[in-house]
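# Descriptive structure summary
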Amino acid sequence: MGKLRDQMKMELELKNYAPKTITAYLGHMTAFTRLFMRSPAEMGEEEIRKYLHHLKTVKQVSTSNINIAYWALRFFYVDTLHREWNVEKIPHPKMEKKLPVVLAQEEVKKLLEAVSNLKHRVMLMTAYAGGLRVSEVARLKVTDIDSKRMLIRVEQGKGKKDRYTLLSQTLLENLRSYYTAYRPQKWLFPGSRPDEPIDAGSIQRVFKRAKKKPGSKSLRPFIRCAIASLHTY
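A short tour of the structure in this document, coming up. The structure presented is a predicted model; accordingly, all values stated were derived computationally and were not measured. The residue count restarts for each chain, going from 1 along the sequence in the order it is written. Local features in this predicted model are restricted to residues whose pLDDT is 70 or higher, and side-chain atom pairs enter the listing and the counts only when it is 80 or higher, whereas totals over whole chains, interfaces and linings include all residues. Side-chain numbers come from the whole structure's heavy atoms, not from hydrogens or water.

### Remarks on the pattern of salt bridges
Salt bridges are identified by distance alone: a Lys or Arg side-chain nitrogen within 4 Å of an Asp or Glu carboxyl oxygen. The tally for this structure, following the rule as stated, stands at 13 salt bridges. Between aspartate 79 and lysine 15 there is a salt bridge; the shortest N-O distance is 3.7 Å. Of the two residues, aspartate 79 sits in helix 4 (residues 63–80) while lysine 15 sits in the loop between helix 1 (3–14) and helix 2 (19–36), which places them 64 residues apart along the sequence. Residue burial is assigned from relative accessible area. The probe radius is 1.4 Å, only protein chains are included, and a residue is buried under 20% of its type maximum, exposed over 50%, and partly exposed in between. The exposure class assigned to lysine 15 is partly exposed, which follows from its relative accessible area of 43%. For lysine 141, the salt bridge identified is with glutamate 155, shortest N-O distance 3.7 Å. One end of the pair, lysine 141, is in the loop between helix 7 (134–138) and strand 1 (145–146); the other, glutamate 155, is in the loop between strand 2 (151–154) and strand 3 (163–166), with 14 residues separating them in the sequence. A relative accessible area of 23% places lysine 141 in the partly exposed class. Using a relative accessible area of 36% as the deciding quantity, one classes glutamate 155 as partly exposed. Salt bridges linked by common partners bring Lys141, Arg153, Glu155 and Asp162 together as one network. Starting at the N terminus, helices and strands are each numbered in turn, a helix being any DSSP run of H or I of at least four residues and a strand any DSSP run of E of at least two.

### Topic: the packing of helix 1 against helix 4
Lines are fitted to the C-alpha atoms to define the axes, a helix being fitted only along its stretch in contact, and any angle between axes, read from their N-to-C directions, falls within 0 to 180 degrees. Interhelical geometry of helix 1 versus helix 4 gives an angle of 95° and a closest axis separation of 10 Å. With respect to their mutual orientation, helix 1 and helix 4 come out roughly perpendicular. Note on element contacts: helix 4 touches helix 1 through Ala72, Phe75, Phe76, Asp79 and Thr80, opposite Leu4, Gln7, Met8, Glu11 and Leu12. Of the residues assigned to the contact of helix 1 with helix 4, the class counts are six nonpolar, two polar and two charged. Should an angle fall under 35 degrees it is called roughly parallel, over 145 degrees roughly antiparallel, and 65 to 115 degrees roughly perpendicular, with every other angle called oblique. Contact between two residues is taken to exist if any of their heavy atoms lie within 4.5 Å; hydrogens are not considered. The classification used treats Ala, Val, Leu, Ile, Met, Phe, Trp, Tyr, Cys and Pro as nonpolar, Asp, Glu, Lys and Arg as charged, and all other residues, Gly among them, as polar.

Okay, here's the thing in structure tokens:
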């Protein structure tokens, strides 16, 4: 794509898109260009439809990934090239609706008990009790824990929006034990260097190790479960 890629990247950055979103959008534009071996500026609705169909039938990617491709292409043609986008000719993939998996209290207890390291266990508890993403847990600061109002402040979460989530009494007590043992300064869960937050990938590895312990279930639904399922753990 060359100059067009740079132009699209600049537009995404100016509109304050998240780095991961920018990477995903540009990745789809590169794949789109390679599939037809033509400049995207020379293509249009027909090629877009074929590319989305190619993702679904040949690549067999998830609906969410096809949606990312849809919005990447739409951004390029509307925001970068300033063309009109015909919604009727370029259908939007419907997302599959799935009910969240909610673990039983005993399952949560077993999962937490599978992690012996206090810091790792509290990170896992924070993700579950607060309904936080791994990246959000990694970026928590000590000052984000509001024990007076029993809230956790999530700064620049999904969509680069700040929000608050509930802080349970059980989690607060465990956070206090963790704080007494580790004395974190700025970042609640610092990395190898105290002045930097832990890498989200490190938390993922903690989850994967716990998943392999006897009696543990997949941690993906665990992270996304609602706080309503967390009672004493």
